[in-house]
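# Residue-level structure breakdown
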Amino acid sequence: MFVAKKKDGSYFSLLDWKRREDMERITKGESFYCPACNSSLLLKQGKVRRIHFAHLNKSCTASSESESPYHLEGKVKLYESLLQYNQPILEHYIPNTQQRADVYVETNYGRYAFEFQCSNLPAQEFKRRTKLYEREGIRPMWIIGQEKLGPPDNNDSPLKLSPFQWRFLQRPSPHIQPFILSFCPYQSIFTYHQPIFSINSSTTYVNSMTSENWIEQPGISFQKRPIWKEHYLHYKKKWRYEYSFYKPYQKLRKYCYGNMNIPLSLLPSEIGLPVPSFYHIHTSLIEWQAWLYFDSIYHMPPLTLIHLPSVLKNFRFRLKSTDISLRELPLVKVGAYEDAIVEYLNALVEIGLLERETPTIYRVLKKSLPLSTMEEAHKQDQVVLQTLLRTKQTTD
Ligand SMILES: [Zn+2]
């Protein structure tokens, strides 16, 4: 911590003192207390860490973060980056929620509590702290330490996102695309990572945008990098040849063979299509779409009507039996997993398998022909992707 309370109740910030001698003179013989829990604080000046206050005992719960050198540095740099706003407050304590935000800022758009997170925080605690802020009408601006997100994304390789990292995904309103915000204390750089396609639960392609300033309403200047499209066919091939034989897919494999009489490696090419709202679902794209396709579409003869509510019902059954799992994203305020399902059905319309009769009723146009060889499957995957990309270009 950098801010403490003195005996007389006034606040004292270590950042106000640039020269060490001045600070030493001022702090000599003075007692300091935590503004949140009032317990005594020690002034610590180490070689690695910046000079800071620390609790004598570890019972304070106002902050979620252990004060590593990286975190202390990040807090200071974050505060300095936000100085252009009207009086940011370092370590702002909010009595009603008993939370101490790393930095607190008020703008014309709203009130923000910046939380610079560099260590793992359990899902429950992340959610709890988020809710408390929101109850006060404050938007928590969770920022992940760049170090914690992995090396800076300067090439085309995808990020590996753990469930912890996914939790930082935020989407405050419909016109802003979802993004994960990271901050590097050493360079004072914000990076906005917009996930565009995941091939499994972690490996995710992102569009990135860096900025020296925090951008309140990001989303217009993301650099478009459709690199995943080149990797997609390679991944699908690998899935057919390798992954489909993996143990986690045993149930799906059995189901596929038992009901459709096809090996999972030859699953139809219309399974595993990219959809914009994919991030709501934790289960990999191919897997959840396989369940959906086998449950709701595969058996239907041409001209049959498919009703969205029954597709959703089948999907919910898979959720219940944990064949499919969702992501809990406390900062995503727009949309839900159902969007991904509708987008998938619409993708099937684009490739000519379904026809959209009404927003909730689809008609089966043709039955997909069973694939008999891997060669054929790979060719068909190519055709499907090309068809999708072509229709995308005309509608973009
Ligand atoms: Zn305390």
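For the structure, check the block above.
No experiment lies behind these values; they were computed from the predicted model shown.

The next point concerns the sheet that holds strand β2 (residues 11–13). Within a sheet, neighbouring strands are paired by backbone hydrogen bonds and run either parallel or antiparallel to one another. Strand order across the open sheet formed by 5 strands is β2-β1-β3-β4-β5, with antiparallel pairing between neighbours. On the outer flanks of this sheet lie β2 and β5 (52–55), each paired with one strand and no other.

Look at helix α3 (residues 123–135): 18 Å from first C-alpha to last across 13 residues, which is about the 18 Å you get at 1.5 Å a residue. Of the residues making up α3, those classed as buried are F126, R129, T130, L132 and Y133. Along the long axis of α3, the arc covered by the buried residues comes to 160 degrees, so they all point the same way. Exposed side chains of α3 directed beyond 90 degrees from the buried face belong to Q124, K131 and R135.

The subject of this paragraph is the pairing of β5. Side-chain alternation along β5 places H52 and A54 on one buried face and F53 and H55 on a second face that is also buried. In this sheet, β5 lies alongside strand β4 (residues 40–44) in antiparallel orientation, the contact comprising 4 bridges. Across the sheet, residue L42 finds its bridge partner in β5, namely A54.

As a further point, take the nonpolar core. Core analysis: the biggest nonpolar cluster contains 70 residues, and W288, F294 and L348 have the highest contact counts within it. Looking at which domains feed residues into this core, each of domain 2 (63–225) and domain 3 (228–395) supplies at least three. Sequence-distant contacts of L348, that is, excluding residues within four places in its chain, are made with E270, L273, Y293, I297, L353 and L354. Of all hydrophobic cores here, the second largest spans 41 residues; its members include F32, A36, F114 and M209.

Looking now at the sheet that holds strand β14 (residues 305–307). Pairing is antiparallel in the open sheet, where 3 strands are placed in the order β14-β16-β15. The sheet is open, and its two borders are formed by β14 and β15 (354–358), each paired with just one other strand. The mean inter-strand angle of the sheet, taken between neighbouring strand axes irrespective of direction, is 35 degrees. Bridging between β14 and strand β16 (residues 361–364) involves 3 bridges; their strand directions are antiparallel. Looking across to β16, one finds that I306 is bridged to Y362. Sitting on the sheet, helix α10 (residues 337–350) touches β15 and β16, and the angle it makes with β15 is about 120 degrees.

A word on the pairing of strand β1 (residues 3–6). With 3 bridges connecting them, β1 and β2 associate as antiparallel partners. The partner of V3 across the bridge, within β2, is S13. Connecting the antiparallel pair β1 and β2 is a turn made up of 4 residues, with G9 showing a positive phi of about 90 degrees. Strand direction decides the pairing type here: β1 and strand β3 (residues 32–33), joined by 2 bridges, are antiparallel. Its bridge partner lying in β3, K5 is registered against Y33.

Here is what the cut-offs are and how they apply
- Residues numbered from 1 in each chain as written.
- Predicted model: local features only at pLDDT ≥ 70, side-chain atom pairs only at ≥ 80, totals over all residues.
- Heavy atoms only, no water.
- Pairing = 2+ DSSP bridges.
- Helix = DSSP H or I, 4+ residues; strand = E, 2+ residues; numbered from the N terminus.
- Expected span 1.5 Å × (residues − 1).
- Buried < 20%, exposed > 50% of the residue type's maximum accessible area, 1.4 Å probe, protein only.
- Arc of directions from axis to C-beta.
- Core = buried A, V, L, I, M, F, W, Y, C linked by side-chain atoms within 4.5 Å.
- Domains from an automatic or database assignment.
- Contact = heavy atoms within 4.5 Å.
- Axes fitted to C-alpha atoms, helices over the stretch in contact; angles between N-to-C directions.

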